[in-house]
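Listed here are the chains, written in short residue letters.
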Amino acid sequence: MKTINKWLYWLPRVLAIAFIAFLTMFSLDVFDMELSPWETVVGLLMHNIPSIVLTVLLIIAWKREWVGAAAFIGAGFLYITLMVTNVFHSDQPWYIALSWSAIIAAPALLIGILFLLNWAWKRKHR
């Protein structure tokens with residue numbers, strides 16, 4: 001029982017850190033562009049807004065698991081919604097949105113579900 005508790009505690013937190021690092025890697029394409037230093041800083045900031053928001057929410061979720069559940073599940077569904085909307089307003093094929101959603105939204109949803117399970121486990125075993 002203690003092993004399950006440890007896994008449920010640490011797994012969503014470690015995965016969230018890895019997921020945020022994964023999202024942050026996408027901002028490195030700013031260095032491929034020929035931008036001024038100021039434009040590079042602004043580009044990095046703009047690309048990393050989701051990572052910054054998720055990091056702040058992860059800090060809060062460290063003690064309040066329901067915040068992590070709501071934040072990561074919400075982020076997953078928000079990304080799916082944005083991808084579906086993007087497909088409808090462009091000439092991209094639908095499977096592009098599906099593949100991007102699987103890469104970005106699925107880990108976010110998994111992390112949110114793990115936070116939710118951890119929150120439920122803690123409530124049940126108080």
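Whatever comes next refers back to the structure up there.
The model shown is predicted, which means the values in this text are computed figures rather than measured ones.

Draft legend 1. Looking closely at the nonpolar core. Counting residues in hydrophobic clusters, the biggest one holds 15 residues, and the most contacted among them are Phe-19, Leu-54, Phe-72, Ile-111 and Phe-115. Counting only elements with at least two residues in this core, the list comes to α1 (2-25), α3 (49-61), α4 (65-88) and α5 (94-124). Dropping the residues within four chain positions of it, Ile-111 is found in contact with Pro-12, Leu-15, Ala-16, Phe-19 and Phe-72.

Draft legend 2. Expanded view of a nonpolar patch on the surface. A contiguous nonpolar patch, built from Trp-38, Val-41, Val-42, Met-46, Ile-49 and Val-53 and spanning about 600 Å² of accessible area, is present on the exposed surface. Breaking the nonpolar patch down by element, the ones donating at least two residues are α2 (37-47) and α3. By the element assignment, Ile-49 lies in helix α3. In this structure Ile-49 comes out as partly exposed when scored by relative accessible area, which is 39%.

Draft legend 3. Fine view of the packing of α3 against α4. Where α3 contacts α4, the two axes come as close as 7 Å, and the packing angle between them is 150°. When the axes of α3 and α4 are compared, the pair comes out roughly antiparallel. Where α3 approaches α4, its residues Leu-54, Leu-57, Ile-60 and Ala-61 are matched on the opposing element by Glu-65, Val-67, Gly-68, Ala-71, Phe-72 and Ala-75. Across the contact of α3 with α4, the residue classes break down as eight nonpolar, one polar and one charged.

Draft legend 4. Examining the packing of aromatic side chains more closely. All told, the structure shown has six aromatic pairs when counted by the stated rule. Judged by centre distance (5.1 Å) and plane angle (75°), the ring pair of Phe-22 and Phe-26 falls under edge-to-face. For the ring pair Trp-94 and Tyr-95, a centre distance of 6.0 Å and an interplane angle of 85° mean the geometry is edge-to-face. Judged by relative accessible area, Trp-94 falls into the exposed class, the value being 60%. Each member of the aromatic cluster is reached from another via a ring pair, and the members are Tyr-9, Trp-10 and Trp-62. Its end group placed over the ring of Tyr-9, Arg-13 keeps NZ or CZ at 3.8 Å from the ring centre.

Draft legend 5. Broad picture of the environment of Leu-8. With respect to the helices, strands and loops of the structure, Leu-8 is situated in helix α1. Ignoring anything within four residues of it in the chain, the contact list for Leu-8 reads Arg-13, Leu-114, Leu-117, Asn-118 and Trp-121.

Draft legend 6. Local environment of the side chain of Asn-48. In this structure, Asn-48 sits in the loop between α2 and α3. A polar side-chain atom of Asn-48 sits 3.3 Å from a polar atom in the side chain of Ser-27. In contact with Asn-48, not counting residues within four places along its chain, are Thr-24 and Ser-27.

Rules used in this analysis
Residues numbered from 1 in each chain as written. Predicted model: local features only at pLDDT ≥ 70, side-chain atom pairs only at ≥ 80, totals over all residues. Heavy atoms only, no water. Core = buried A, V, L, I, M, F, W, Y, C linked by side-chain atoms within 4.5 Å. Buried < 20%, exposed > 50% of the residue type's maximum accessible area, 1.4 Å probe, protein only. Helix = DSSP H or I, 4+ residues; strand = E, 2+ residues; numbered from the N terminus. Contact = heavy atoms within 4.5 Å. Patch = residues over 30% accessible without salt bridge, like charges linked within 9 Å, V, L, I, M, F, W, Y side chains within 5 Å. Areas by Shrake-Rupley, 256 points an atom, 1.4 Å probe, with all protein chains shown as cover. Salt bridge = Lys/Arg side-chain N within 4 Å of Asp/Glu carboxyl O. Axes fitted to C-alpha atoms, helices over the stretch in contact; angles between N-to-C directions. Parallel < 35°, antiparallel > 145°, perpendicular 65-115°, else oblique. Nonpolar A, V, L, I, M, F, W, Y, C, P; charged D, E, K, R; others polar. Phe/Tyr/Trp six-rings, centres within 6.5 Å; stacked < 30°, edge-to-face > 60°. Lys NZ or Arg CZ within 6 Å of the ring centre and 35° of its normal. Polar contact = N/O pair within 3.5 Å; in protein donor to acceptor, adjacent residues only side chain to side chain.

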